[in-house]
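What the coordinates show
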Amino acid sequence: MTHMHVAGSIHADAVTPAPKWLQRPDDVNAMVQMLWSSTACRNDDGVIEVGGVSVVEIADRIGTPAYVIDEVDFRERLAAFRDAFAGMKVYYAGKSFLCGAVVDWVADEGMYLDVCSHEELQLALAAGFDAARIGLHGNNKSEAELELAVTAGVGRVVVDSVTEIERLDRIAQEHRRTVPVLVRVTAGVEAHTHEYISTAHEDQKFGLAIGSGAALDGLLRCEQAAGIDLRGIHSHIGSQIFDASGFEVSGKRTLKLAKQVARLIGRELPEFDLGGGFGIAYTTMDSPMTPEALAEHLREIVEHECRALELTLPELSIEPGRAISGPAGMAVYRVGTVKPVALGDGIYRNYISVDGGMSDNIRPALYGADYSGTVGNRASTSEPALGRVVGRHCESGDILVRDEFFPSDITPGDLVVIPGSGAYSRAMASNYNHATRPPVVGVRDGQITTLVRRESIDDLFALDPVVSARRATTPDTDA
Ligand SMILES: Cc1ncc(COP(=O)(O)O)c(C=O)c1O
Ligand SMILES: N[C@@H](CCCC[NH3+])C(=O)O
C-alpha cells in the first residue's frame, strides 16, 4: 500500500473515519472539500449532489460510467486564474479537457486558449473561438496544422524545433503573413513530478535546450525569419507541480537567455510564458497552491530576475489546464462485483470492480497517479474497509483508486464517485477492449446538459469496414 488518505464524504458529520494523524474534523473537512467541486455536497439522503443534481439521477438518466463537470466550479476556476493573474494573459490548456461548451466558457470569461494539436485547433475554430486569442503548441506540427494557424490568424505559435521554424517561416511567407512566435525552451530543471509529465529537463522531446545553445540559435533564427514576428520565450517545466522552486530556477535561466538575446538583436523580447502545470489535490495528501499564491510567487520571481538583469518586465502569460478542469469534474461508475482478497493477519482488501477503467482514466496506470473515491448513492454507517477500485479491462494494472476506505457493505449496484476527474481523463480516454468512451455531462442549477455524448458500439463498428459491410448485408436479428 502506498499511503492512506481520506476522500470519503463531504460533510464533517459523514466523513469516513480518518487516519489517526488526521483526526481534527476541521482539518479533515477542509482537506476533503478541496477534492470536490464547489457545488458538490452530500444531501440529506446521503446522496452526492453536484450542480443541484444527484449522482443517482445522473446515473439513471445518462448511464455509467459518466464524467460530470460542475459548470459553476469550472467557470469559478477560470475566473480565479484570470483575476489572480490580472495583467497577464491566462491561456486555458485545452489538452486537459476541451469541447464546444468549454470553448464557450473560456470565451465568456474573457480568457485565452492553448491548443496543442491540429484537431484541438480545428475544434476551437469550429466552436467560434477568436483565433487571435489562441496559442498553438506541439512538437511536430504538420504542414496543414501550421497552414491553418497562419490563415486563421492565431495569436501565437509556440515553436519547438529548428525544422518547425523553417516550415512556419515558409508557410507564413507563402501567405504573405507574419506570425507571432514564442520559442519553447528547456531550462534543465528537474521538476518534482512524474518523469512522464516533467518537461524542463533537456534530454526529452520538447523545446530547445538553453544549456546546449540550441535555444539561443532558435531565437536568432526566428528573429531573422521574414515570416516570423519573434515575441518571446516559453518555458513549461512539467505538470502536477506543487513547489514554486522549479519556476524560480527556470525563470532565472530563461530570463538570462532573454537578456542575452536582447543584447544580440538590439531589442528586448516583449513576452514571456511560464507555462502551466499547477498541481491539484487528487487525495488529501496533496496541498495545492491557490491561484493568488501562485500569481504572487511567479510575479515575484520574474520581477526579481528582471530587476537583477536590468530587463523591462515582459508581458507574462501562463497556461493552466488541470488546475481549472481537474477539480471541476468527477467520474461516476457503477459497482459490478466486490471481491474480498485476504492480505494475511485477518486483513483484507475489497477489489471493487466498476463498469469503466483504464480506458476512461489511464493516469493511474500511466503515472501511478493516486485518486480518491467514495460511495455516491448513499451514506453508510458500516465499518470502513480497505478497498481498491478496479476497472473491467484485461490488465491487472487497470486500477482507478489504489487505496481508499470504503464502507464494508459496499455492494454491486452502488455508485463509486471519483473526484478530480475533469482533467486528462476523457481527454486521454481510449477504446481499449472496444470500450465506448463515456459521455461528459455538465450540471448546473439542477439541469444536466450533454457536453460530449457517449460513444456507441455503432460508432466503433462504423470505423471497421468488414463489420460495417457484414452488418449491412445481415438481416437485423434484433427486430
Ligand atoms: C506547454 C504546456 N502548457 C500547459 C500545459 C498544461 O498543464 P497543466 O494541465 O498541468 O496545467 C501543458 C501540459 O503539461 C503543457 O505541456
Ligand atoms: N497528461 C498529463 C499531463 C499533461 C502533460 C502535457 N505536457 C497528466 O495527466 O498528468
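As recorded in an unreviewed UniProt entry, the protein goes by Diaminopimelate decarboxylase and comes from Propioniferax innocua. UniProt, in the comment section headed Subunit (unreviewed entry), describes the protein in these words: "Homodimer." Note on the protein: under the UniProt heading Cofactor (unreviewed entry), the record states "pyridoxal 5'-phosphate".

**Considerations on the state of the cysteines**
A complete count under the given rule lists zero disulfides for this structure. Of all cysteine sulfurs, the one in Cys116 lies closest to Cys222, which takes part in no disulfide; the gap is 20 Å.

**Some thoughts on the packing of aromatic side chains**
For the structure shown, the criterion picks out seven aromatic pairs. Taking 5.8 Å as the distance between ring centres and 15° as the angle between the ring planes, the aromatic pair formed by Phe81 and Phe85 counts as stacked. Phe85 carries the same exposure label as Phe81, and that label is buried. Each ring, one from Phe81 and one from Phe278, has its centre 6.1 Å from the other, and the planes form 15°; the classification is stacked. Taken as a pair, Phe81 in helix α3 (residues 71-84) and Phe278 in the loop between β12 (271-273) and α10 (291-309) lie far apart in primary sequence, 197 residues in all. Here Phe81 falls in the buried class, since its relative accessible area comes to 3%. Of the residues examined, Phe278 reaches a relative accessible area of 3% and is grouped as buried.

**Comments concerning the layout of surface pockets**
One water molecule sets the probe size; rolling that probe over the atoms shows where empty space is left. The computed volume of the second largest pocket comes to approximately 370 Å³. Every residue lining the second largest pocket is counted, 18 residues in all, and those nearest its centre are Arg77, Met289, Thr290, Pro291 and Ala323. Of the residues forming the lining of the second largest pocket, the biggest block, five residues, is contributed by α3. Partitioning the lining of the second largest pocket into residue classes produces twelve nonpolar, two polar and four charged.

Each value, and the rule that gives it
- Residues numbered from 1 in each chain as written.
- Chains lettered and ligands numbered in written order.
- Predicted model: local features only at pLDDT ≥ 70, side-chain atom pairs only at ≥ 80, totals over all residues.
- Heavy atoms only, no water.
- UniProt positions renumbered as here; feature names shortened; annotations may be inferred.
- Disulfide = S-S within 2.5 Å.
- Phe/Tyr/Trp six-rings, centres within 6.5 Å; stacked < 30°, edge-to-face > 60°.
- Buried < 20%, exposed > 50% of the residue type's maximum accessible area, 1.4 Å probe, protein only.
- Helix = DSSP H or I, 4+ residues; strand = E, 2+ residues; numbered from the N terminus.
- 1 Å grid on protein atoms, 1.4 Å probe; cavity = no way out; pocket = protein on both sides within 12 Å on 5 of 7 lines; lining within 4 Å.
- Points joined across faces, edges and corners; volume = space filled by probe spheres on them.
- Nonpolar A, V, L, I, M, F, W, Y, C, P; charged D, E, K, R; others polar.

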